[in-house]
Amino acid sequence: MADDCFEHPRLAAIYDALDPDRSDLDPYLRMADEFGARRVLDIGCGTGVFALLLADRGIEAVGVDPALASIDVARDKPGSERVRWICGDAADLPPLQVDLATMTANVAQAIVDPQPWHKTLRGTYEALRPGGHLVFETRDPARRAWEGWTRENSYSVTEISGVGSVESWVQLTEVSWPLVTFRWTYAFATDAQVLTSDSTLRFRERDEVERDLVAHGYVVEDVRDAPDRPGREFVFLARRP
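Because the structure is a prediction, the values reported are computed rather than measured.

Enquirer: Tell me about the overall build of the protein chain, and name the residues and values.
Expert: The secondary structure content of the protein chain amounts to nine helices and eleven strands. What you see for the protein chain is a C-alpha radius of gyration of 18 Å, in line with the 18 Å of a compact globule of 241 residues. With the principal axes as the frame, the protein chain shows a C-alpha extent of 55 × 40 × 30 Å. When the 241 residues of the protein chain are sorted by exposure, 49% land in the buried category. In the protein chain, once contacts between residues fewer than 6 apart in sequence are set aside, the share between residues at least 24 apart is 59%.

Enquirer: Tell me what's going on with the side chain of Gln109, and back it up with residues and numbers.
Expert: When you line up the elements, Gln109 lands in helix α6 (residues 107–110). You can call Gln109 buried: its relative accessible area is 1%. A polar contact of 3.0 Å, which involves the side chain of Gln109, links it to the backbone nitrogen of Arg139. The residues contacting Gln109, other than those within four sequence positions of it, are Thr138, Arg139, Thr200, Leu201, Arg202, Phe203 and Arg204.

Enquirer: Explain the packing of aromatic side chains to me, and be specific about the residues and the numbers.
Expert: Working definition: an aromatic ring pair is given by the centre-to-centre distance plus the angle between the planes. Evaluation of the coordinates by the stated rule reveals 13 aromatic pairs. Here the aromatic rings of Trp149 and Phe203 are separated by 6.4 Å at their centres, their planes lie at 40 degrees, and the arrangement is tilted. Taken as a pair, Trp149 in the loop between β5 (128–139) and α8 (151–154) and Phe203 in the loop between β9 (194–202) and α9 (206–215) lie far apart in primary sequence, 54 residues in all. No difference in accessibility class separates Trp149 from Phe203, as the two residues are buried. Geometry around Phe188 places Arg10 over its ring, the cationic atom sitting 3.8 Å from the centre.

Enquirer: Lay out the pattern of salt bridges in plain terms, naming residues and giving numbers.
Expert: Across all of its chains, the model carries 18 salt bridges by this definition. Across the salt bridge formed by Arg183 and Asp198, the nearest N and O atoms sit 2.5 Å from each other. You can see Arg183 sitting in strand β8 (residues 179–188) and its partner Asp198 sitting in strand β9, a full 15 residues away along the chain. Connected via shared salt-bridge partners are Glu137, Asp228, Arg229 and Glu233.

Enquirer: Which residues make up the packing of helix α2 (residues 9–18) against helix α5 (residues 68–75), and what are the values?
Expert: α5 packs onto α2 with a crossing angle of 45 degrees between their chain directions and a minimal axis gap of 9 Å. As far as their axial angle goes, α5 and α2 are oblique. Along this stretch, α2 crosses α5, giving a crossing that reads as right-handed. Within the contact between the two elements, α2 uses Pro9, Ala12 and Ala13 and α5 uses Ala69, Ser70 and Val73. Its residues placed into classes, the contact of α2 with α5 shows five nonpolar, one polar and no charged.

The rules we used
- Residues numbered from 1 in each chain as written.
- Predicted model: local features only at pLDDT ≥ 70, side-chain atom pairs only at ≥ 80, totals over all residues.
- Heavy atoms only, no water.
- Helix = DSSP H or I, 4+ residues; strand = E, 2+ residues; numbered from the N terminus.
- Rg over C-alpha atoms; globule rule 2.2 N^0.38 Å.
- Buried < 20%, exposed > 50% of the residue type's maximum accessible area, 1.4 Å probe, protein only.
- Contact = heavy atoms within 4.5 Å.
- Polar contact = N/O pair within 3.5 Å; in protein donor to acceptor, adjacent residues only side chain to side chain.
- Phe/Tyr/Trp six-rings, centres within 6.5 Å; stacked < 30°, edge-to-face > 60°.
- Lys NZ or Arg CZ within 6 Å of the ring centre and 35° of its normal.
- Salt bridge = Lys/Arg side-chain N within 4 Å of Asp/Glu carboxyl O.
- Axes fitted to C-alpha atoms, helices over the stretch in contact; angles between N-to-C directions.
- Parallel < 35°, antiparallel > 145°, perpendicular 65-115°, else oblique.
- Left-handed = near helix turned anticlockwise from the far one by under 90°.
- Nonpolar A, V, L, I, M, F, W, Y, C, P; charged D, E, K, R; others polar.

Note that every value here comes from positions in space, so none of it alone points to a role or purpose.
Written as structure tokens, this is what we have:
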């Protein structure tokens, strides 16, 4: 099940406008170049921003996401015909042989239950060609990022073309370690509709992630820092032998 911010059609339609700065994707583009990737699987592709950036570089991209509303937004974007879109998850992919698989932003942490997480690692492994890489990020639990998830720190008003003014903010609702739950609220000025989206992330320690990768046959080549969030993220680079 996808969170409402990705699954609700009205919220999926404004997702990009509320988060226009996607410089967090730049390191993934550089890694695609680093590995010489010509075929890339974007797991949790959302509204398709990263997959379309890959396509702009002539890379054959496959975007997979369980949220149909987000996939629909992606399919409506210019150039979307260059990407293969799949509504589903990495646990049940059609036959693929990609050079690189990615889980950007919160994707890895949003897979909170152990069984789907292990199925995702296994499905991704099968989709990679021998020598292909899986790259994803997860927050360092020691940095306690959730302590800053407050209305005061996140409140904003965004003017969106064709939509009007939208207020948005996030509030922490529960910490039940290793799960952290929070709620985004969206208030539309045009008709006073208020929508909410609850999300839960799983905070995994670095050694836990490494063990999971090794258990599924990967070789962990490196654990890097996120250039745009130094000291706050683990970026895992794993290879299928």
